[in-house]
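Spelled out, the chains give:
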Amino acid sequence: MKNAVTVSQDFKKPHLEVSGDSRLSGELRVSGAKNSALVLMTASLLTKSPIRVDNIPQLTDIDGMANILLEMGVKLNRSTNSIEIQADEIHHVELPYDLVHGLRASFFCIGPLLARLGKAKIPLPGGCRIGARPVSEHIRGLKALGAYVTVEHGVVTASIPGPTKKLKGSHLVLDCPSVGATETVLMAAVLAQGRSTIENAAQEPEVQDLANMLNKMGARISGAGGPKITIEGVEELHGCNYKVIPDRIEAGTFLLAAAITRSIVRVSPVIPDHLRAVLQKLRDCGCKIEIENDSIKIIPGEIIGIDITTQPFPGFPTDLQAPFMALLSTAKGTSIITEKIYENRMQHVGEMQRMGASIKVQGNTAVIEGVPKLSAAPVSGGDLRSSAAMVLASLSAKGVSKVEGLHHLDRGYSALEKKLNKAGANIIRNN
Ligand code: EPZ
């Protein structure tokens, strides 16, 4: 028997109380893409002119990035879903560790600061629970453009040798299609002298969104969204107004919430092309998908086991691996999920097993034997996507689950429980 203090401690941790056996209906609204908004905010450092970005999601990661920009002396105005940024005065180029730690996207400031001011000093973002998450490709790319880069005491210092303080266009083949490395090199190359190419580039929609905004600011980028990107360097960039694309991972999470509760739901706005691999897997496991312009209607049938391997875009996205596993743990039959992007992204399996899921893990491969019903339990997510997976599993489980790890969840989902409750769920947030 836990003593009173321990029990009261448990109940103090912020958590969601999620009622199981939920049925959803109506529409689930998708916010702007976190992994686009964050990098678009760093791109504002490339010009002295003001930029305005709309459809910004309300997330703690966005707050974190705003604080980092303010700390550098950037002018910044936020309203509910918009942000105006003017980086005409950047007081210093060294980001403080306490602001950067835990927000990997802060490392994306290195490219723009180097290109704009000729120097940058950014703490290494470090690993997280899903993997080591190195930035060696980001550094290799900056060096290819002529930067001098050192890594000492956990800080990456980049500068441009020589009197011009300008990077030189170069041709780079990435060792792996890293999203962050592609975005870092892209932002550094737009102000370089001459032409650059990035081969084996990441093709994620967020990379394309960044290139589209940079082109609106006067950059000359072609091929973004494909494996080879070409950048003609320009003298300077000007301001622009831009709207962030819808968050394909939030949209996929909502589709999976509908599937796991066997509910017919409409999800919008979405760009269906950003979800091709996910929609295919939803069809393969027994869901009917109807696409109408920028909305997707999902009609779940009997859910059967399927196999999934995560890949760089346009393959199946690693960020939906945990939420999809929640669905497949309630499918009829066996599923095999292989995680190819991160070396340690199976931590949600232990929490799923506490809810009665039958899953065996060998390295980065999980074999899931579907069970008829999960049972409610106190669970917590180790990263933002496994936290979302716990919420999905709890929606369908028998009983009321307690889901902890809200600090992870709130990084990537804006008011998840409010959106799900509007569609018929019964989730109480206890802060
Ligand atoms: C972005 O991270 C996203 N984050 C991640 O979303 C997403 O999972 C990932 O892309 C893959 O799609 C943001 O955009 C802020 P990577 P990023 O560099 O850029 C290896 C979420 O839940 N790699 O493409 O850090 C790396 O170790 C987050 O929203 C190297 O080996 O991803 C990883 O295994 C999680 N060397 C793989 O590539 C390098 O130099 C993918 O990393 C760089 C990366």
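Residues numbered from 1 in each chain as written. Predicted model: local features only at pLDDT ≥ 70, side-chain atom pairs only at ≥ 80, totals over all residues. Heavy atoms only, no water.

J.: Looking at this structure, I do not really get the overall build of the protein chain. What am I missing?
T.: From N to C terminus, the protein chain includes 15 helices and 23 strands. For 431 residues, the compact-globule estimate of 2.2 N^0.38 gives 22 Å, and the protein chain sits close to it at 22 Å. Its C-alpha atoms give the protein chain principal-axis dimensions of roughly 70 × 50 × 40 Å. Residues counted as buried form 57% of the 431 residues belonging to the protein chain. A fraction of 73% describes how many contacts in the protein chain between residues 6 or more apart in sequence connect residues 24 or more apart. Accessible surface, the protein chain as shown: approximately 17000 Å² in total, 51% of it carbon and sulfur. (Helix = DSSP H or I, 4+ residues; strand = E, 2+ residues; numbered from the N terminus. Rg over C-alpha atoms; globule rule 2.2 N^0.38 Å. Buried < 20%, exposed > 50% of the residue type's maximum accessible area, 1.4 Å probe, protein only. Contact = heavy atoms within 4.5 Å. Areas by Shrake-Rupley, 256 points an atom, 1.4 Å probe, with all protein chains shown as cover.)

J.: Just checking my understanding: could you explain the sheet that holds strand β11 (residues 220-222) for this structure?
T.: Note: strands within a sheet are paired through backbone hydrogen bonds, in either parallel or antiparallel orientation. A sheet is described by the order of its strands in space; here 4 strands give the open sequence β9-β10-β12-β11, paired in mixed fashion. Edge strands, defined here as strands with exactly one partner in the open sheet, are β9 (171-173) and β11. Neighbour-to-neighbour, the strand axes of the sheet open up by a mean angle of 10 degrees, direction not taken into account. As paired elements, β11 and strand β12 (residues 228-232) share 3 bridges and run antiparallel to each other. From the neighbouring strand, Arg220 faces β12, where its bridge partner is Glu232. (Pairing = 2+ DSSP bridges. Axes fitted to C-alpha atoms, helices over the stretch in contact; angles between N-to-C directions.)

J.: Quick question: what am I supposed to make of the environment of Lys332 here?
T.: You can see Lys332 is positioned in the loop between α11 (321-328) and β18 (334-338). When its relative accessible area of 54% is taken as the criterion, Lys332 is described as exposed. For Lys332, the contacting residues outside a window of four places in its chain are Glu302, Ile303, Ile304 and Gly305.

J.: How should I be thinking about the confidence of the model for the protein chain in this particular structure?
T.: Caution applies to low-pLDDT regions: their predicted coordinates should not be interpreted in detail. Per-residue confidence for the protein chain averages 95 on the pLDDT scale, and 97% of its residues sit at or above 70. Every residue in residues 1-9 is under pLDDT 50, and counting partners more than four places away or in other chains gives 2 contacts. (pLDDT = per-residue confidence, 0-100.)

J.: Would you take a moment to explain the nonpolar core for this structure?
T.: As a rule of thumb, nonpolar side chains are buried together in soluble globular proteins. Judged by nonpolar contacts, the single largest core of 80 residues is most densely connected at Met72, Leu113, Leu214 and Ile221. Counting residues in hydrophobic clusters, the runner-up holds 70 residues, among them Leu16, Val265, Leu279 and Cys287. (Core = buried A, V, L, I, M, F, W, Y, C linked by side-chain atoms within 4.5 Å.)

J.: Would you explain the packing of aromatic side chains in this entry?
T.: We describe a pair of aromatic rings using the distance from one ring centre to the other and the angle between the two ring planes. Within this structure, the stated rule accounts for 1 aromatic pair. The interplanar angle of 70 degrees and the centroid separation of 5.6 Å between the aromatic rings of Phe316 and Phe324 together place this pair among those described as edge-to-face. Classification of Phe324 as buried rests on a relative accessible area of 0%. (Phe/Tyr/Trp six-rings, centres within 6.5 Å; stacked < 30°, edge-to-face > 60°.)

J.: Where do I start with the site of the ligand in this structure?
T.: The ligand sits among 21 residues. The nearest are Arg104, Glu137, Ser178, Asp319 and Ile341. Here an oxygen atom of the ligand and a side-chain polar atom of Arg133 are 3.1 Å apart. Tyr342 is positioned such that a nitrogen or oxygen atom in its side chain is 2.9 Å from an oxygen atom of the ligand. Elements that contribute at least two residues to the shell around the ligand include exactly α2 (34-43), α6 (136-144), α7 (179-189) and α13 (384-396). Sort the elements by how many residues they give to the shell around the ligand and α6 lands first, with 3 residues. For the shell around the ligand, the residue count by class is 7 nonpolar, 6 polar and 8 charged. (Near = heavy atom within 4 Å. Polar contact = N/O pair within 3.5 Å; in protein donor to acceptor, adjacent residues only side chain to side chain. Nonpolar A, V, L, I, M, F, W, Y, C, P; charged D, E, K, R; others polar.)

J.: So what exactly am I meant to see when it comes to the domain arrangement of the protein chain here?
T.: Frequently, the measure chosen for interface size is the accessible area that the parts lose on association. Domain assignment breaks the protein chain into domain 1 (7-31 + 246-430) and domain 2 (34-243). For domain 1 versus domain 2, the distance between C-alpha centres works out to 31 Å. Taken together, the contact pairs 23 residues of domain 1 with 20 residues of domain 2. Together, the buried faces of domain 1 and domain 2 total about 1800 Å²; carbon and sulfur atoms form 49% of this surface. Counting the surface domain 1 buries against domain 2, the share from its top three residues, Phe313, Tyr342 and Arg411, is 30%. Taken together, the connections running from domain 1 to domain 2 amount to 2 salt bridges. For Asp61, the salt bridge identified is with Arg411, shortest N-O distance 2.8 Å. Linking domain 1 with domain 2 are 12 residue pairs in polar contact (both at pLDDT 80 or more), by the criterion used here. Partitioning the side of domain 1 that touches domain 2 into residue classes produces 7 nonpolar, 7 polar and 9 charged. (Domains from an automatic or database assignment. Buried area = accessible area lost by both parts, 1.4 Å probe. Salt bridge = Lys/Arg side-chain N within 4 Å of Asp/Glu carboxyl O.)

J.: So what exactly am I meant to see when it comes to α2 here?
T.: In an α-helix there are 3.6 residues to a turn, and that puts residues three or four apart on one side. For α2, the tally of buried residues reaches 9 of 10 residues, placing the bulk of the element in the interior. Along α2, the residues that are buried comprise Lys34, Ser36, Ala37, Leu38, Val39, Leu40, Met41, Thr42 and Ala43.

J.: Honestly, unusual backbone geometry in this entry has me stumped. Any pointers?
T.: Keep in mind that most residues, glycine aside, have a negative phi and that most peptide bonds are trans. Cis geometry is adopted by the peptide bond preceding Pro269, which originates at Ser268 and carries an omega value of -5 degrees. Relative to the helices and strands, Pro269 is located in the loop between β14 (265-268) and α10 (276-284). Cis geometry marks the peptide bond from Phe313 to Pro314; its omega dihedral reads 10 degrees. Tracing the chain through its elements places Pro314 in the loop between β17 (307-309) and α11. You will see that Lys165, though not glycine, has its phi angle at about 60 degrees, which is positive. Here Lys165 lies in the loop between β8 (155-159) and β9. Assessed through its relative accessible area of 42%, Lys165 is described here as partly exposed. With a phi close to 55 degrees, Asn293 is a non-glycine residue in the positive phi region. Within the secondary structure layout, Asn293 lies in the loop between β15 (287-292) and β16 (295-300).

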